[in-house]
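Residues per chain are reported as follows:
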Amino acid sequence: MRRITVPAGTVTLSGLQSEPSHSPPRALIVALHGGGMSAGYFDGQAHPDLSLLSLGAHLGYRVVALDRPGYGGSAAQLPHGRPLAEQAADVAAAVRQLACEGAVGGGVLLLGHSFGGKLALLLAAEQAPEGLLGLDVSGCGTRLAVPPEQVRQGGGVRRLNWGPLSLYPSGTFQASAAVVAPMPQREADSVGGWERLSTQVLPRVRVPVRLTFAEHEAWWRHGDEDVAEVVGRLSGAPRVVVDRLPGAGHNISLGWAARTYHLRALAFVEECLRVSDRTAVLRGPVPDAGT
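The present account deals with the structure reproduced in this document. Within each chain, residue numbers correspond to sequence positions counted from 1 in written order. Restriction of local features to residues with pLDDT of at least 70 applies here, the model being predicted, together with a cutoff of 80 or more for giving and counting side-chain atom pairs; totals for whole chains, interfaces and linings are based on all residues. Note that water and hydrogens are dropped before the side-chain values are worked out from all heavy atoms of the structure.

Thoughts on the pairing of strand E2 (residues 11–18)
Then, in step 1: Of all the eight residues making up E2, seven are buried; the element is thus mostly covered by neighbouring parts of the structure.
Then, in step 2: Think of it this way: DSSP has to see at least two bridges between two strands before they count as a pair. Under the DSSP-based scheme used, a helix requires at least four consecutive residues in state H or I and a strand at least two consecutive residues in state E, with every element numbered from the N terminus. Sheet topology note: the strand E1 (residues 2–8)/E2 ladder contains seven bridges and is antiparallel. Each residue of the ladder has a partner; that of Ala-8, found in E2, is Val-11.
Then, in step 3: Between E1 and E2, which pair antiparallel one after the other, the connecting turn spans two residues, and Gly-9 there sits at a positive phi close to 70°.
Then, in step 4: Relative to strand E4 (residues 62–66), E2 is paired through four bridges, and the arrangement is antiparallel. Within E4, the residue paired with Gln-17 across the bridge is Val-64. A simple rule labels every residue: compare its accessible area, found with a 1.4 Å probe on the protein chains alone, to the largest value its type can have, and call it buried under 20%, exposed over 50%, or partly exposed in between.

Quick notes on the pattern of salt bridges
Then, in step 1: When a carboxyl oxygen of Asp or Glu lies within 4 Å of a side-chain nitrogen of Lys or Arg, that pair is called a salt bridge. Applying the stated criterion across every chain yields a total of 15 salt bridges.
Then, in step 2: The closest approach of N and O atoms between Arg-210 and Asp-243, which form a salt bridge, is 2.8 Å. Within this pair, whereas Arg-210 is found in strand E7 (residues 209–216), its partner Asp-243 is found in strand E8 (residues 240–249), the two being separated by 33 residues in sequence. Take Arg-210 and Asp-243: they sit in the same class, and that class is buried.
Then, in step 3: The partner of Asp-243 in a salt bridge is Arg-264, with the nearest N and O atoms 2.9 Å apart. Residue Asp-243 is found in strand E8, and its partner Arg-264 is found in helix H10 (residues 258–283); the two are separated by 21 residues along the sequence.
Then, in step 4: One continuous salt-bridge network, built from bridges that share partners, spans Arg-82, Glu-86, Asp-90 and Arg-186.

Remarks on the packing of aromatic side chains
Then, in step 1: Whether two aromatic rings pair depends on their centres lying within 6.5 Å, for rings of Phe, Tyr and Trp, where Trp uses its six-membered ring; planes under 30 degrees apart make the pair stacked, over 60 edge-to-face, and the rest tilted. Taken as a whole and judged by the stated rule, the model has four aromatic pairs.
Then, in step 2: When the centroid spacing of 5.1 Å and the interplanar angle of 75° are considered together, the rings of Trp-162 and Tyr-168 count as edge-to-face. Comparing Trp-162 with Tyr-168 shows no difference in burial state: the two are buried.
Then, in step 3: Both rings, one in Trp-162 and one in Phe-173, keep their centres 4.8 Å apart while their planes meet at 70°; by these two values the pair is edge-to-face. Residue Trp-162 is found in helix H5 (residues 157–162), and its partner Phe-173 is found in helix H6 (residues 172–175); the two are separated by 11 residues along the sequence.

Focus: the nonpolar core
Then, in step 1: Take the buried Ala, Val, Leu, Ile, Met, Phe, Trp, Tyr and Cys residues and link them wherever side-chain atoms come within 4.5 Å; each set so joined is a nonpolar core. In this structure, Val-30, Leu-66, Leu-121, Leu-135, Val-205 and Leu-234 are the most contacted members of the largest nonpolar core, which totals 52 residues.
Then, in step 2: With sequence-adjacent residues up to four places away left out, Leu-135 is seen in contact with Leu-109, Leu-110, Ala-120, Leu-121, Ala-124, Val-205, Val-207, Pro-208, Val-209, Arg-210 and Phe-268.
Then, in step 3: The next biggest cluster of nonpolar side chains, apart from the first, holds 34 residues, and it includes Ala-31, Val-63, Leu-133 and Tyr-261. Note on contacts: a residue pair is in contact if any heavy atoms of the two residues lie within 4.5 Å.

Regarding unusual backbone geometry
Then, in step 1: The phi angle at Ser-114 is positive, at roughly 55°, despite the residue not being glycine.
Then, in step 2: Among the secondary structure elements, Ser-114 is positioned in the loop between strand E5 (108–113) and helix H3 (115–126).
Then, in step 3: Since its relative accessible area comes to 13%, Ser-114 is described here as buried.

Some details on the state of the cysteines
Then, in step 1: We call a pair of cysteine sulfur atoms a disulfide whenever their separation is within 2.5 Å. Counted by the stated rule, this structure contains zero disulfides.
Then, in step 2: Unpaired in this structure, Cys-140 has its nearest cysteine sulfur neighbour in Cys-272, at a distance of 18 Å.

Describing the sheet that holds E2
Then, in step 1: Ordered by their spatial adjacency, eight strands build an open sheet running E1-E2-E4-E3-E5-E6-E7-E8, and the pairing between neighbours is mixed. Edge strands, defined here as strands with exactly one partner in the open sheet, are E1 and E8. Neighbour to neighbour, the strand axes of the sheet diverge by 25° on average, direction disregarded.
Then, in step 2: In this sheet, E4 lies alongside strand E3 (residues 28–32) in parallel orientation, the contact comprising five bridges. Bridging across to E4, Ile-29 finds its partner in Val-63.
Then, in step 3: Axis definition: a line fitted to C-alpha atoms, over the contacting stretch in the case of helices. Angles run 0 to 180 degrees between N-to-C directions. Strands E1, E2, E3, E4 and E5 of the sheet are contacted by helix H2 (residues 84–101), whose axis makes an angle of about 115° with E1.
Then, in step 4: Across the sheet, helix H9 (residues 224–233) lies against E7 and E8, angled at about 140° from E8, the strand it touches most.

So, the side chain of Arg-210
Then, in step 1: Judged by relative accessible area, Arg-210 falls into the buried class, the value being 3%.
Then, in step 2: In protein, a polar contact means a hydrogen-donor-capable atom and an acceptor-capable atom, both N or O and within 3.5 Å, with residues adjacent in sequence counting only if both atoms are side-chain atoms; elsewhere, any N or O pair within 3.5 Å suffices. A distance of 2.8 Å separates the side chain of Arg-210 from the side chain of Asp-136, its partner in a polar contact.
Then, in step 3: Excluding anything up to four places from it in sequence, Arg-210 contacts Leu-135, Asp-136, Val-137, Val-241, Asp-243, Tyr-261, Arg-264, Ala-265 and Phe-268.

Considerations on the environment of Arg-3
Then, in step 1: Considering the arrangement of structural elements, one finds Arg-3 in strand E1.
Then, in step 2: Each C-alpha atom of the pair Arg-3 and Ser-18 lies 9.0 Å from the other, and the pair is 15 residues apart in sequence.
Then, in step 3: Apart from the residues lying within four places of it in its own chain, the contact partners of Arg-3 are Gly-15 and Leu-16.

Topic: H2
Then, in step 1: Under the 1.5 Å per step criterion, the end-to-end length of H2 is 25 Å for 18 residues, consistent within 8% with the ideal 26 Å.
Then, in step 2: For H2, the full list of buried residues reads Leu-84, Gln-87, Ala-88, Asp-90, Val-91, Ala-92, Ala-93, Ala-94, Val-95 and Leu-98. Expected helix span is given by 1.5 Å per residue-to-residue step, counting one fewer step than there are residues.

As structure tokens, then:
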């Protein structure tokens, strides 16, 4: 795993990258963290089983966890952050650059948590990267379970983010001190608009989507009717998979359930790769213009 910088239009994003050491990558996974976090969310340090970056590289994937615009290396340039649409343009440029700089194997999967899940969905709907295989989204629904003002005011955020402390290895909160980051103001102000925006964005997603809802998810409503509404809005996706993860809070990738979640996400990548390969075979070679 190494730290990287990626040109992304008018900004430069920072991030973390891991790659398989003895073979070309099967695919490129671009991981997008949630609000008030950073790329290190996907490289949990409290226990060896937590890191998506380590597990992904071990199983043959190139994994890039980006610090979203307004975080990490771009925080000084964007002290108030960027709205969702501008973040999507930046990340789309970053993914194109990553594809130019290294192998992407069979394609690209966007893996987004919380606010990063919104970003992945918007990116797929409006600026889908070439070779996009699918989306894996966790900690994100369409209807908030708390007033949007609570995000801006910060009241009770610790409980909403983490849930029962027993879900996390000892030392999690010391180790995650380097992972937590201030949520930019423009991002916090946009939280309440997602319910309306999602009605426009989700129907335009045209790739397979996997949704994961933690047992102790507290930010988003995730009852059966709420989840059915999310799935219904993804009317253009060829496949939607819903997974409910027991023993997990909102910050899935920092808890004991992280390895289970990451393995299921990587299995979904394999499914997307298989479908992509089968589609390529069915299409067959492009006929020569002279035949």
